[in-house]
Amino acid sequence: MKALNELATPALILDRTRLSANLQRMHQRAAALGVALRPHMKTAKSAEVARLATQGQPGGITVSTLAEAAYFAERGFSDITYAVGIVPSKLDVVAAIERKTGARIGLLLDDAGTARAIAERAAALGGNHPVHIEIDTGQHRAGIAPDSSALPEIAGILAAGPATEVAGVLAHAGHSYDCRTIAEIETVAEAERAGAVAASEVLREHGHPCPVVSVGSTPTALHAGDLTGITEMRPGVYMFGDRFQSAILSCTPEDWALSVLATVIGCYPDRDLALIDAGGLALSQDRSMEAIDSTVSYGALYDATGRAPLEGVSLATVNQEHGFIRGRVGTLKVGQRVRVYPNHACMMAAMYKAYNVTDGADEIVAEWDRVNRW
Ligand code: PLP
């Protein structure tokens, strides 16, 4: 296979050694907490990564798009949770994937009207669709409160439908990203656990067995002190890590597994400027960690090996196909390769069809595809 310096840039690089260590760490967490790990494939979107992430366990995964659901089902993943709210118009696609592959796709909703419409459409399509009810434990994105009267109402509608069943409850503590200390993350993790468990108890009191009690974001999965009453967790970005995850104490820069290889295409030391061929499309423009660091750039600049940070420079701006490096650019030369580690791995990877996989060295040992779009 090729060496890194033979790749056309910009190119997406995945360090398998770091990936494996990150996967191992989360396996150990799940085992220590006594819950199943249902890794969220929204970050990696790759069957090869999913196989490694589910090694030694039943193989259930979480997905964020129906394109992911189809891709993974066609590659042998038969227990899939689609953890974004379902609408009736998408149920036909779900049913078609299930018919074609034999996979079972768990669904998610949080509203009685939607439950009624899904139950009706499911009855027309046939089959048996497991549906999770989304619980809001503090992020206030989607979901209902554990003590909402809508909870038993939704469950009753699903249970009465001939082609739907209550799979359980699902919560996502996305507001763990607002935490700045491990103590704060522990508090959010406990609220996520307690909310999901309280909701499962309400369902059981109303006669629904509630086999799945699902939680998970990377920070809460890594720092939860106790997951009593929880059956599974669904972290995703832990596989690769990124600058945001380091800033909120999920990992260190030595854990970052994903980067973009780019080439210096212009150098103007008199203006303290160098340009690389990776701009807003190749790197994404994600600056969500601005809330933590108002001076945040568009990625962490390293040398071509990805091991030594470039000192005195930063990736200050991006245009569509240009990255603007500002600072002491005197040591950079046109044609030289650099590595950019992402602010947010999920967003940066989204433009690339495949990973160039290394074991941390110069050689590309494999190419792994990804499923993008919807
Ligand atoms: N579950 C749901 C419903 C999500 O939306 C996400 C991420 O957006 C996750 C799990 C995984 O969380 P993280 O990206 O922190 O690993």
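Structure shown above.
Worth saying up front: this structure is predicted, and the values here are computed from it rather than measured.

**Some thoughts on the site of the ligand**
Then comes step 1: The ligand sits among 14 residues. The nearest are Arg141, Tyr177, Thr218, Arg234 and Gly236.
Then comes step 2: One of the side-chain N or O atoms of Arg141 is found 2.9 Å from an oxygen atom in the ligand.
Then comes step 3: Here Arg234 contributes a side-chain N or O atom positioned 2.9 Å from a nitrogen atom of the ligand.
Then comes step 4: Per-class residue counts for the shell around the ligand are five nonpolar, six polar and three charged.

**Describing the environment of Gly76**
Then comes step 1: Looking at the secondary structure, you find Gly76 in the loop between α3 (66–74) and β4 (79–82).
Then comes step 2: For Gly76, a relative accessible area of 59% corresponds to the exposed category.
Then comes step 3: With 26 residues separating them in the primary sequence, Gly76 and Gly102 have C-alpha atoms 9.1 Å apart.

**Regarding the environment of Thr295**
Then comes step 1: By secondary structure assignment, the location of Thr295 is in the loop between α10 (280–283) and β12 (300–303).
Then comes step 2: Sequence separation between Thr295 and Tyr352 is 57 residues, and the spatial gap between their C-alpha atoms is 27 Å.
Then comes step 3: Of the polar contacts made by the side chain of Thr295, one reaches the side chain of Asp293; its length is 2.7 Å.

**Quick word on helix α1 (residues 16–33)**
Then comes step 1: Along its 18 residues, α1 runs 26 Å from first to last C-alpha, staying within 8% of the 26 Å computed at 1.5 Å per residue.
Then comes step 2: Taken together, the buried positions of α1 are occupied by Arg18, Leu19, Asn22, Leu23, Met26, Ala30 and Leu33. Buried residues of α1 fall within an arc of 135° about the axis and therefore sit on the same side. In α1, those exposed residues whose orientation departs by more than 90 degrees from the buried face are Ala31 and Ala32.
Then comes step 3: Two to three positions downstream of the cap, the backbone nitrogen of Thr17 sits 3.0 Å from a side-chain oxygen, assigning the N-cap of α1 to Asp15.
Then comes step 4: Gly34, located one to two residues past α1, shows a positive phi value of around 75°.

**A look at the sheet that holds strand β8 (residues 212–215)**
Hydrogen bonds between backbone atoms are what pair the strands of a sheet, whose relative direction is either parallel or antiparallel.
Then comes step 1: Taken together, the eight strands give an open sheet; going across it, the order is β2-β9-β8-β7-β6-β5-β4-β3, and neighbouring strands pair in parallel fashion. At either end of the open sheet lies a strand with only one pairing partner, and these are β2 (36–37) and β3 (61–63).
Then comes step 2: Summarising the sheet, β4 and strand β5 (residues 104–109) pair through three bridges and their orientation is parallel. Across the sheet, residue Thr81 finds its bridge partner in β5, namely Gly106.
Then comes step 3: Lying over the sheet, helix α4 (residues 88–101) contacts β4, β5 and β6 (129–135), oriented at roughly 160° with respect to β5.

**What to know about the layout of surface pockets**
Then comes step 1: Counted as a void, the largest pocket has a volume near 1000 Å³.
Then comes step 2: In terms of lining residues, the largest pocket is bounded by 43 residues, among which Lys42, Ser64, His344, Cys346 and Met347 are the most central.
Then comes step 3: Elements with a minimum of two residues in the lining of the largest pocket: α9 (243–247) and α11 (345–349).
Then comes step 4: The class makeup of the residues in the lining of the largest pocket is 15 nonpolar, 16 polar and twelve charged.
Then comes step 5: Estimates place the volume of the second largest pocket at around 230 Å³.
Then comes step 6: Every element with two or more residues in the lining of the second largest pocket is listed here: β1 (11–15) and β16 (354–358).
Then comes step 7: Residue contributions to the lining of the second largest pocket peak at three residues, all from β16.
Then comes step 8: By residue class, the composition of the lining of the second largest pocket is ten nonpolar, one polar and three charged.

Each value, and the rule that gives it
Residues numbered from 1 in each chain as written. Predicted model: local features only at pLDDT ≥ 70, side-chain atom pairs only at ≥ 80, totals over all residues. Heavy atoms only, no water. Near = heavy atom within 4 Å. Polar contact = N/O pair within 3.5 Å; in protein donor to acceptor, adjacent residues only side chain to side chain. Nonpolar A, V, L, I, M, F, W, Y, C, P; charged D, E, K, R; others polar. Helix = DSSP H or I, 4+ residues; strand = E, 2+ residues; numbered from the N terminus. Buried < 20%, exposed > 50% of the residue type's maximum accessible area, 1.4 Å probe, protein only. Expected span 1.5 Å × (residues − 1). Arc of directions from axis to C-beta. Pairing = 2+ DSSP bridges. Contact = heavy atoms within 4.5 Å. Axes fitted to C-alpha atoms, helices over the stretch in contact; angles between N-to-C directions. 1 Å grid on protein atoms, 1.4 Å probe; cavity = no way out; pocket = protein on both sides within 12 Å on 5 of 7 lines; lining within 4 Å. Points joined across faces, edges and corners; volume = space filled by probe spheres on them.

All quantities given are derived from atomic positions and should not be read as evidence of function.
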